[in-house]
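# Tertiary structure, described
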Amino acid sequence: MTSTVATEERGGQLPPQGARRPSFGRWGRAFLDAAREGNAVVVTILAIVVALFIGALLIAFSTPSVDPKWAHFFSDPGGAIVAAAKAVGNSYYALFQGCIVSPATISAYLAGKQPLYQIFYPLSETVVGATPLILASLAVTVSFRAGLFNIGAQGQIITGGLLGAWIGFGLNLPPGIHQIVCLVGGFVGGAIWGWLAGWLKARTGAHEVITTIMLNYIAINLLTYLLNTPWFQAPGSTYSISANVDQSAVLPHLFGPNLRLNAGIFVALLCALGCAWLLNRSTIGFEFKAVGLNPDAARTAGMSVAKVAILVMIISGGLAGLAGTAQILGTDFNVTPGLASELGFTAITVSLLGRLGVGGTVMAAFLFGALNAGGTLMQASTGTPVDVVTVIQAIIVMFIAAPPLVRTIFRLRGSREGGEGQMLSAGWGG
Amino acid sequence: MRLELRGITKRFGSLVANDHIDLTIEPGEIHALLGENGAGKTTLMNVLYGLTQPDEGQIVVDGEPVRFRTPGHAIRAGIGMVHQHFMLIPVFTVAENVMLGVERTKRLGFLDRRRARRDVQELSKRYGLAVDPDAVVEDLPVGVQQRVEIIKALLRQANVLILDEPTAVLTPQEIEDLFGVMRSLRDSGRSIVFITHKLKEVKAVADRITVIRRGRVVTTTTPAATEAELASLMVGRPVMLRVDKGPSRPGAPVLEVRDLRVLDDRGQTVVDGVTFGVRAGEIVAVAGVQGNGQTELTEAIMGLRPVAGGSIRVNGREMVGRSPREVLMAGVGYVPEDRQHDGLIVDFSVADNLILDMYHRPPFASGPSLRPRVVQESARQRSEEFDVRLTSIDDPASALSGGNQQKLVLARELSRPIQLFVAAQPTRGVDVGSTEFLHRRIVQQRDSGVAVLIVSSELDEVISLADRIAVMYRGRITGIVPPDTPREQIGLLMAGAGATGDGAVPPGRRPAASEGSVAVGEAEPTRRPR
Ligand SMILES: Nc1ncnc2c1ncn2[C@@H]1O[C@H](COP(=O)(O)OP(=O)(O)OP(=O)(O)O)[C@@H](O)[C@H]1O
Ligand SMILES: [Mg+2]
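Residues numbered from 1 in each chain as written. Chains lettered and ligands numbered in written order. Predicted model: local features only at pLDDT ≥ 70, side-chain atom pairs only at ≥ 80, totals over all residues. Heavy atoms only, no water.

### Details of the overall build of chain B
Scanning chain B from terminus to terminus reveals 17 helices and 22 strands. Its C-alpha atoms give chain B a radius of gyration of 24 Å, within 12% of the compact-globule value 24 Å for 530 residues. Taking the principal axes of its C-alpha atoms as reference, chain B extends roughly 70 × 60 × 55 Å. Taking contacts inside chain B between residues at least 6 apart in sequence as the whole, the part at least 24 apart equals 67%. Averaging the locations of the 67 positively and 67 negatively charged side chains of chain B gives two centres separated by 1 Å. (Helix = DSSP H or I, 4+ residues; strand = E, 2+ residues; numbered from the N terminus. Rg over C-alpha atoms; globule rule 2.2 N^0.38 Å. Contact = heavy atoms within 4.5 Å. Lys, Arg positive; Asp, Glu negative; His and termini not counted. Charge placed at Lys NZ, Arg CZ, Asp CG, Glu CD.)

The following block contains the structure:
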């Protein structure tokens, strides 16, 4: 009875009994075994598949060209289904073209009609989208691992971005040094905002969820204020927009001016390496995790929970600040009211999707970067609203955050909950 | 209800936790399960309660084979369980906790709290389980929490009640009460599976005894067997039930506590002008019914609890106002009372738990980096040396059996250079064989010149380990006596006799206020279980 799922699943593909099991069957079995044990990777993949499926339903029922066909569903069911399948196929194909590669550009290049860079344009956009997301999500990952619910990445992105940008246009420094100073400034800008929440927690016990949300509002108003203040505003402008950062502060493009891909991705990946070391190999990370999982035992073992709270928020805020700065120095070049847009909140989603691991967070950020890049093209070329992408992202995370739900849907055998899930629920209590 | 387990086998990876176990629970009996730490008792009970699925074997209820996939199934079949580590929700009231999982609702889906309260009151009256249904669980002493767990099981009409080491956290009086409840349940035809490491308790209350060793049933016997017999059946070799130790050779004072006053979380004075000292090379044990300030005393020494007055010196250095880290670094080893709450991070690996208070210094760290290979190597040695039964040092500590978790804490604290060893309930949940080993290690520490302070609610442990016994009652030390003091006299001190204003009595002198004093009549609550 334990293998009902497996047998049903294999039933269609297997030759009648007696035949030797083909290697595919074995692979499928291993996959399902892993799934039934609640393997994290498998659950994540299943969640993505389910989300894409629900997204497909949304597209099928919302695309204007398919709509009238549903009205005639009973007289001509084939027509409706074909039209729906086509709409879904087109949309997802456009999504793919927007984030990975478009075959048309390859043939155009081979025919000599388009330059080479066009082929890599979608990939470049994916990476550009992923860059700030990696940094902001790492910020969330680090804090969540230490049991601190930093909801304030949004505000820290803004304060970091503001300071980084100001150094970018306000100071005169030689190229090379200028970028580094800007990035350091961006880190500091975010770190200060994070430190405030950490300090309040350590000092007064104020819950970081509350304080970081409040600090988000302050940061947003600070942003609006500065963008209407002469010394910050673009010279001679009446719009809420800052001056452009100096050329010496811009993060260099990696493959020429036509692709937006820039050195920011190296900053992000470097930070990821740093976080991996921090969380897995360093004594400070050991403290972070200990405090996150059991603050009482951590204190008994001589760790200072207050010190950890402050340090975590400084690092987390700093990473978020870097996210804002990398975006400004790499792609935006100036500060607008939409500096952080939704980045700080998407980061929470990405971090959860990455199961609060550094590697997972980076991969999830690339996935989201790709979905965003693809979604833009999808909307442009097929008219499918970009919101479908948002829905897909939301559904993925919903399933990840609720693994039991996925297990129930796929009748997976319940397994012990991971430590992280417990940590999440425990953290809200403290 | 007659319950049979047939050929139950449960594996965790390569480890066979239960190896074809056959066990029959007759209606109306108290059936004790004895076995070493990690023998597979909790695992077997988890199988019976539907918390884990056996790899082989069958559960038979009244002749009918059944299958429990969730505790829900087991509960419906009339099985109740009180876990080794409690599963109550601390911020809920007693009634709310009892109601969990069987929420009865009124119309419109409102919870029927009044009904839950009434149920609790009724049961607590019927079985003499005194609890207040409106009390919030986290405010209750563990003994009362235990009763809540039992009421919870009874309310679900349990015919078979599983008690997994229920007495480990209880005071002697609470244990007596519990036995009373167990007997009255048995007499009403229910059966009880009772797990404990205390052989006295088994002999006192069990009708039949099954001994498990390394996942297999060794034998089923009756309480007529002697403690020594039971112990050697469990461990597979003769066990010394008494500590073998020479006279102490006390040196310079290491710990000096003077006029210490400590408040609890509610601001009440729980340590009230305590003065005593521990010298190098001696073991001082603090005896007393739990809840008389012993916990707070150790926490204050460790810098975990603010001190309201007085002084604590370690090797002449004032420790009041210092952080736990500073106290630990001054050469103090510490075993907290509640291993899962304060002693371990159960989601951390065994290896990481073994460096929980040493991760930041050599050899485990070089600069800001951990040295995983050293950590692993040392973890392998430590767990071997202390006989911590495990499959892999990379498993989370939560995969260890309760007693092995306790050994893990001791292995950590006893394997670094210390001058003072402070341990609260050091062998709680540990089997007789390992207790023997741990006691020997503690005596070894003493003989190598470490000052040892033990807090234990078990008089046996206190008497066999201590060179001097300090008795605490209501936050005061009512006497400091040698270990050959008659138990009755220690019992009197534990009940407050001799609690004169100045607290401490010099070592070696019998307390003055024993005969004829008013307090003698109140000595009842400390009667030990037979
Ligand atoms: N989830 C798990 N994963 C891996 N091993 C486990 C798990 N649960 C228990 N074990 C192992 O199974 C064995 C039996 O454990 P169990 O908790 O049943 O012991 P026990 O008899 O209750 O011991 P104690 O007296 O210390 O409570 C132990 O070696 C333990 O490490
Ligand atoms: Mg157990």
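### Overview of the sheet that holds strand 14 (residues 307-314) of chain B
All names here are of chain B. Read across the open sheet, the four strands follow the order 12-11-14-15; overall the sheet is antiparallel. Because the sheet does not close on itself, it has two edges, and the strands there are strand 12 (269-279) and strand 15 (317-318). Taken together, the six bridges between strand 11 (residues 253-263) and strand 14 define a ladder with antiparallel strand orientation. Bridged to R261 within strand 14 is G309. (Pairing = 2+ DSSP bridges.)

### Some remarks on the confidence of the model for chain B
Across chain B, the average pLDDT comes to 87, with 92% of residues at 70 or higher. The low-confidence segment residues 499-530 of chain B, where pLDDT is below 50, has 54 contacts with residues more than four positions distant or belonging to other chains. (pLDDT = per-residue confidence, 0-100.)

### Brief notes about the interface of chain A and chain B
In many reports, interface size means the accessible area that the parts give up when they come together. Between chain A and chain B, the residue contacts involve 21 residues of the former and 29 residues of the latter. Considering only the surface of chain A that becomes buried against chain B, T283, F286 and T300 of chain A emerge as the three largest contributors, covering 29% of it. For the pair chain A and chain B, the number of links is zero salt bridges. Where chain A touches chain B, the interface holds ten residue pairs in polar contact (both at pLDDT 80 or more). Across the side of chain A that touches chain B, the residue classes break down as eight nonpolar, seven polar and six charged. (Buried area = accessible area lost by both parts, 1.4 Å probe. Salt bridge = Lys/Arg side-chain N within 4 Å of Asp/Glu carboxyl O. Polar contact = N/O pair within 3.5 Å; in protein donor to acceptor, adjacent residues only side chain to side chain. Nonpolar A, V, L, I, M, F, W, Y, C, P; charged D, E, K, R; others polar.)

### Description of the sheet that holds strand 9 (residues 208-213) of chain B
Residues and elements named next belong to chain B. Here we have six strands laid out as an open sheet, ordered 6-7-8-3-9-10, and mixed in their pairing. The sheet is open, and its two edges are formed by strand 6 (79-82) and strand 10 (216-221), each paired on a single side. With direction set aside, neighbouring strand axes in the sheet form an average angle of 20 degrees. By the bridge criterion, five bridges tie strand 9 to strand 10 in an arrangement that is antiparallel. Counted as the bridge partner of I209 is T221 from strand 10. In the packing of helix 1 (residues 41-48) onto the sheet, contacts are made with strand 3 (30-35), strand 6, strand 7 (160-164), strand 8 (191-195) and strand 9, and the angle to strand 3 comes to roughly 135 degrees. (Axes fitted to C-alpha atoms, helices over the stretch in contact; angles between N-to-C directions.)

### With respect to the packing of aromatic side chains
A complete count under the given rule lists eight aromatic pairs over all chains for this structure. Note on F144 of chain A and F149 of chain A: the rings are 4.8 Å apart at their centroids and 55 degrees apart in plane angle, and the pair reads as tilted. Using a relative accessible area of 3% as the deciding quantity, one classes F144 of chain A as buried. On the basis of an interplanar angle of 85 degrees and a centroid distance of 5.6 Å, the ring pair of F386 of chain B and F437 of chain B is categorised as edge-to-face. Remark: F437 of chain B occurs in helix 15 (residues 432-447) and F386 of chain B occurs in the loop between helix 13 (372-385) and helix 14 (402-413); sequence separation between them is 51 residues. Taken together, the ring pairs in this structure connect F169, W231 and F232 of chain A into an aromatic cluster. (Phe/Tyr/Trp six-rings, centres within 6.5 Å; stacked < 30°, edge-to-face > 60°. Buried < 20%, exposed > 50% of the residue type's maximum accessible area, 1.4 Å probe, protein only.)

### Concerning the site of ligand 1
All names here are of chain B. In the neighbourhood of ligand 1, 21 residues make up the surrounding shell, with K41, T42, T43, S401 and G403 lying closest. Here an oxygen atom of ligand 1 and a side-chain polar atom of H197 are 2.8 Å apart. Between ligand 1 and A399, the relevant distance is 3.0 Å, taken from an oxygen atom to a main-chain nitrogen or oxygen of the residue. Protein contacts shield 89% of the accessible area of ligand 1, which totals 640 Å² for the unbound molecule. Put simply, the parts of the chain that give the shell around ligand 1 at least two residues each are strand 2 (15-25), helix 1 and helix 14. Of the residues belonging to the shell around ligand 1, the class tally is six nonpolar, eleven polar and four charged. (Near = heavy atom within 4 Å. Areas by Shrake-Rupley, 256 points an atom, 1.4 Å probe, with all protein chains shown as cover.)

### Focus: the pairing of strand 14 of chain B
Residue and element names in this part refer to chain B. As defined by bridge partners, strand 14 adjoins strand 15 across two bridges and the pair is classed as antiparallel. Each residue of the ladder has a partner; that of V314, found in strand 15, is R317. Count of turn residues in the strand 14/strand 15 antiparallel hairpin: two residues, of which N315 carries a positive phi of about 50 degrees.

### Things to note about the environment of V181 of chain A
Residue and element names in this part refer to chain A. By the element assignment, V181 lies in helix 9 (residues 177-204). A relative accessible area of 28% places V181 in the partly exposed class. C-alpha separation for the pair V181 and T382, spaced 201 residues apart in sequence, amounts to 43 Å. Other than its neighbours up to four places away in sequence, V181 contacts I167 and L173.

### As for the nonpolar core
Considering soluble globular proteins, one finds that nonpolar side chains tend to be buried as a cluster. Judged by nonpolar contacts, the single largest core of 157 residues is most densely connected at V335 of chain A together with F421 and I469 of chain B. In terms of residue count, helix 14 (residues 305-332) of chain A provides more of this core than any other element does, twelve residues in total. In this structure I469 of chain B touches A285, A287, V462, I463, G479, I480, V481, P482, P483 and I490 of chain B, once residues within four positions along its chain are discounted. (Core = buried A, V, L, I, M, F, W, Y, C linked by side-chain atoms within 4.5 Å.)

### Observations regarding the packing of helix 5 (residues 77-99) of chain A against helix 7 (residues 117-145) of chain A
Residues and elements named next belong to chain A. The interhelical angle for the contact between helix 5 and helix 7, taken along N-to-C directions, is 80 degrees, at an axis separation of 5 Å. Here helix 5 lies roughly perpendicular to helix 7, going by the angle between them. Packed against helix 5, whose contacting residues are Q97, G98 and C99, the element helix 7 presents P122, L123 and T126 at the interface. (Parallel < 35°, antiparallel > 145°, perpendicular 65-115°, else oblique.)

### Details of the packing of helix 11 (residues 264-281) of chain A against helix 16 (residues 358-382) of chain A
Residue and element names in this part refer to chain A. Across the interface, helix 11 lies against helix 16 with an axial gap of 9 Å and an inter-helix angle of 155 degrees. In terms of orientation, helix 11 lies roughly antiparallel with respect to helix 16. Facing I265, L269, A272, C275, A276 and L279 of helix 11, the residues of helix 16 in contact are V358, V362 and F366.

### Description of helix 14 of chain A
In an α-helix there are 3.6 residues to a turn, and that puts residues three or four apart on one side. All names here are of chain A. Its 28 residues place the ends of helix 14 39 Å apart at the C-alpha level, agreeing with the 40 Å of an ideal helix rising 1.5 Å per residue. Counting buried positions along helix 14 yields 21 of 28 residues, so the element is predominantly enclosed. The positive-phi residue at the C-terminal boundary of helix 14 is F333, with phi of around 70 degrees. (Expected span 1.5 Å × (residues − 1).)

### Here's the deal with a nonpolar patch on the surface
All names here are of chain A. A grouping of Y93, F96, I100, I106, Y109, L110, L116, F120 and L123 is seen on the molecular surface, where their side chains present a nonpolar patch of about 820 Å² in accessible area. Those elements giving two or more residues to the nonpolar patch turn out to be helix 5, helix 6 (103-110) and helix 7. In terms of residue count, the dominant contributor to the nonpolar patch is helix 6 (three residues). Looking at where L110 falls in the secondary structure, it is placed in helix 6. (Patch = residues over 30% accessible without salt bridge, like charges linked within 9 Å, V, L, I, M, F, W, Y side chains within 5 Å.)

### Notes on the pattern of salt bridges
All names here are of chain B. Counted by the stated rule, this structure contains 36 salt bridges over all chains. Salt-bridge contacts for R2 lead to E4; the nearest nitrogen and oxygen are separated by 3.9 Å. Classification of R2 by relative accessible area gives partly exposed; the value is 34%. For E4, a relative accessible area of 15% translates into the label buried. Taking the shortest distance from any N to any O, the salt bridge between R117 and D134 comes out at 3.1 Å. Highlighted residues: R117 in helix 4 (residues 113-126) and D134 in the loop between helix 4 and helix 5 (142-155), separated in sequence by 17 residues.

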